Each structure stands twice: as C-alpha cells, then as structure tokens.
Amino acid sequence: MKRRSFPLCAALVALAATPATGLGAGIALVEPSPADGAVFPTAPPPYGVSFAWTADTTGCASPAQTARIEVTKPDGSVTTSTTSGSPPSGAARLEASPTRPATYRWSVVMTCAGVGDLRSEERSFTLTGPDRTPRLQGAYRVRVAGNSQIWRFRPQCEAGACRTLARRPGSGWFPLAWNAAKQRYVGRLSRVRRAGERVCVITRRRNGVVVSRRTIRRAYDARGAQVVLNVKRSALTTRRTGTVAVGLTGRFSARYVATPSAKRLGCPTTRATRRAGLVAARR
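Now for a description of the structure that goes with this document. (Residues numbered from 1 in each chain as written. Predicted model: local features only at pLDDT ≥ 70, side-chain atom pairs only at ≥ 80, totals over all residues. Heavy atoms only, no water.)

**Some details on the overall build of the chain**
Across its full length, the chain holds 1 helix and 22 strands. Look at the contacts in the chain between residues 6 or more apart in sequence, and 60% of them connect residues 24 or more apart. When the accessible surface of the chain is split by element, carbon and sulfur atoms take 48% of a total near 14,400 Å². (Helix = DSSP H or I, 4+ residues; strand = E, 2+ residues; numbered from the N terminus. Contact = heavy atoms within 4.5 Å. Areas by Shrake-Rupley, 256 points an atom, 1.4 Å probe, with all protein chains shown as cover.)

Right, dumping it as structure tokens:
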C-alpha cells in the first residue's frame, strides 16, 4: 500500500463504505476514514485527518490502475492526491488550521481500464476550529473618566466567554454576566472604596479672585455601581484554541459619596449618579 500526504485538516473517526462498482470493480472507504458528518472538536492546530480506501480491480482491462482522493475545501477549491498500484488501495493524511468552523467533502475516484472512472461514496467532516467567544481573563488596564486603573478578571468556566469575576481598585470580587447577543459583560457591585476616578477640588476665592485650589484624590466612595463592558476587539489565544477579549469600551455608573475625612476637609457630599466612560485594553 502506498501512502501520500498533502495539506488540509482534522482528527479521526471510522466507518467502512459500500464500494462503487463496475463489472465487479469498485472502491470502498475504510478505517481510519472519518464517518460521514463527523465533527472534530476544538483542538490545538493543525488538525490532522487520515483517510484510507480499498480498491477491487475485478473486470478492469489491466491489473495496474490509479486512484485519486478528492477533497473539496470550504472555499470550493479541490485538493487531489493520486495512488497507483494493483490494486490502487491507499491512504492519505490531510492537515489544516481553520480559524472558524470549516466543512470539507471528500471521495476517492479509481480509473478502471476499459470501464472508466469509478467513484466511492462522498463523505463530509467539519473542523470546529477555535472557540470564537471572547474570553475576559487576566489583567487589563482600564481608564475610567480618564483615571488609569488595573482591573482583573477570572472566568468561571474552562473555555470561552461565560460568567466572570472581576476586581477593580477599592472593591472585592464581583460577578459579570456574559450577554452573547450584545457581545458584552454586565455586572453590579455594592461599593468601591475611595474610587480613583472621582476627585474633590476645593477652590477658595477672595474678592472673586481664586487664591487657592486644592485637589483631594480618593475622596469619594462609589455606591450601587453598574459596569458595562462591550467587546470591541478580540484575538486568538497562544494555543489558538480560543479567543480572548483585548479591547473593550463601556461605562461605569455609580453614586459617589464623600468619605468622612473628605467631608472634614470641605468636600461636598453628592449622591448624584455619574456615568464615567470606560476603555479597557489587555496588559
């Protein structure tokens, strides 16, 4: 049995086929050929798929014949590989690294002298490719109302986008829910201590003229906050089995209340809801 290799893709499943025949001649697909409709789950690329077939040259004018495997790729192009022999039974392996689900169709054609071309059954298989849902994981540099902060995210699943725990300066871990339809993460947290994005500016005037201005940072706690993170950019992970969110925009809405020490310094108490623009990028 002669072997040929050429680029394409997948993993293995098996099933024997009923041979296409002509005057006793025929060709059948055998193990480890993937079964018709086989779906290969996400795996580190490249996927590798193995094919095998057996040929019967009974009735052919000459015992030495040829067989070729034809694989139709998702883009419609066809890859072929030829095996010669008596009979031309053979095997082939295809490899590919799709970035999205990709379906291939394939069959084997034997040229039988005196009869013509005999084709096996046609089968298909699908390579799942990487998980395309944007996972939120690790540390991100986040700007809230111009204030730069480091936020950390911890997904609660093994792969893909899902419920994720988040932590920002001044808070404990709080949950974010994944909304697949809107491609966003949404969550709430009860309190952020001394939120860096809100400052207190105390200005003193004399006869209408500013004589001093003092900026007090981390003068406010945020209460009843809501976080919305819209995924704007994503990228494949190092192993190329999944996707991670790398660019986000959104908002941070909360009621800001002056801390007791800030009140003593003269910072006004406010309970107004402030919506701060939020931009995040993975570190």
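**Focus: the nonpolar core**
Among the nonpolar cores identified, the biggest contains 37 residues, and Leu136, Trp151, Leu176, Leu229 and Phe252 are the most heavily contacted of them. For this core, the secondary-structure elements that each account for two or more residues are strand 13 (138–144), strand 14 (147–155), strand 16 (174–179), strand 17 (184–192), strand 18 (200–206), strand 20 (220–236), strand 21 (243–258) and strand 22 (273–282). Here this core gets 8 residues from one element, more than from any other, and that element is strand 21. Beyond its immediate stretch of four places on either side in the chain, Leu176 contacts Leu136, Phe153, Cys162, Arg163, Thr164, Ala166, Tyr185, Val186, Gly187, Val227 and Leu229. Formed by 26 residues, the second largest nonpolar core is a distinct cluster that contains Leu29, Ala55, Ile69 and Ala102. (Core = buried A, V, L, I, M, F, W, Y, C linked by side-chain atoms within 4.5 Å. Buried < 20%, exposed > 50% of the residue type's maximum accessible area, 1.4 Å probe, protein only.)

**Concerning the state of the cysteines**
The bond known as a disulfide is covalent and runs between the sulfur atoms of two cysteines. Scanning all chains against the criterion turns up 3 disulfides. A disulfide bridge connects Cys200 with Cys267, and the sulfur atoms are separated by 2.1 Å. With the S-S bond torsion at -105 degrees, the cross-link from Cys200 to Cys267 turns out left-handed. On the criterion of sequence distance, the pair formed by Cys200 in strand 18 and Cys267 in the loop between helix 1 (260–264) and strand 22 is long-range, its members being 67 residues apart. (Disulfide = S-S within 2.5 Å.)

**Some thoughts on the pairing of strand 16**
Of the two faces of strand 16, only the one carrying Phe174, Leu176 and Trp178 is buried; Pro175, Ala177 and Asn179 on the other face are not. Direction of pairing for strand 15 (residues 164–167) relative to strand 16: antiparallel, over a ladder of 3 bridges. Paired with Thr164 across the two strands is Leu176, which belongs to strand 16. The turn linking strand 15 back onto strand 16 is made up of 6 residues, and Gly170 within it adopts a positive phi angle of 90 degrees. Note: strand 16 against strand 17, 4 bridges, orientation antiparallel. Across the sheet, the residue bridging to Leu176 is Gly187, located in strand 17. Hairpin remark: strand 16 followed by strand 17, antiparallel, with 4 residues in the connecting loop; positive phi at Gln183, about 55 degrees. (Pairing = 2+ DSSP bridges.)

**Some words on the packing of aromatic side chains**
Enumeration over the complete set of coordinates arrives at 8 aromatic pairs. Relative to Phe125, the ring of Phe40 lies with its centre 5.9 Å away and its plane at 80 degrees, an arrangement referred to as edge-to-face. With Phe40 in strand 4 (residues 38–40) and Phe125 in strand 11 (residues 123–127), this pair connects stretches of sequence that are 85 residues apart. Pair check on accessibility: Phe40 and Phe125 agree, each one buried. Pairing Tyr104 with Phe125 gives two aromatic rings, centres 5.3 Å apart and planes at 15 degrees, and the pair type is stacked. Residue Tyr104 is located in strand 9 (residues 102–112), and its partner Phe125 is located in strand 11; the two are separated by 21 residues in the primary sequence. Directly above the ring of Trp173 sits Arg154, whose terminal nitrogen or CZ lies 4.1 Å from the centroid. When the ring centre of Phe252 is taken as reference, the NZ or CZ atom of Arg168 above it lies at 4.8 Å. (Phe/Tyr/Trp six-rings, centres within 6.5 Å; stacked < 30°, edge-to-face > 60°. Lys NZ or Arg CZ within 6 Å of the ring centre and 35° of its normal.)

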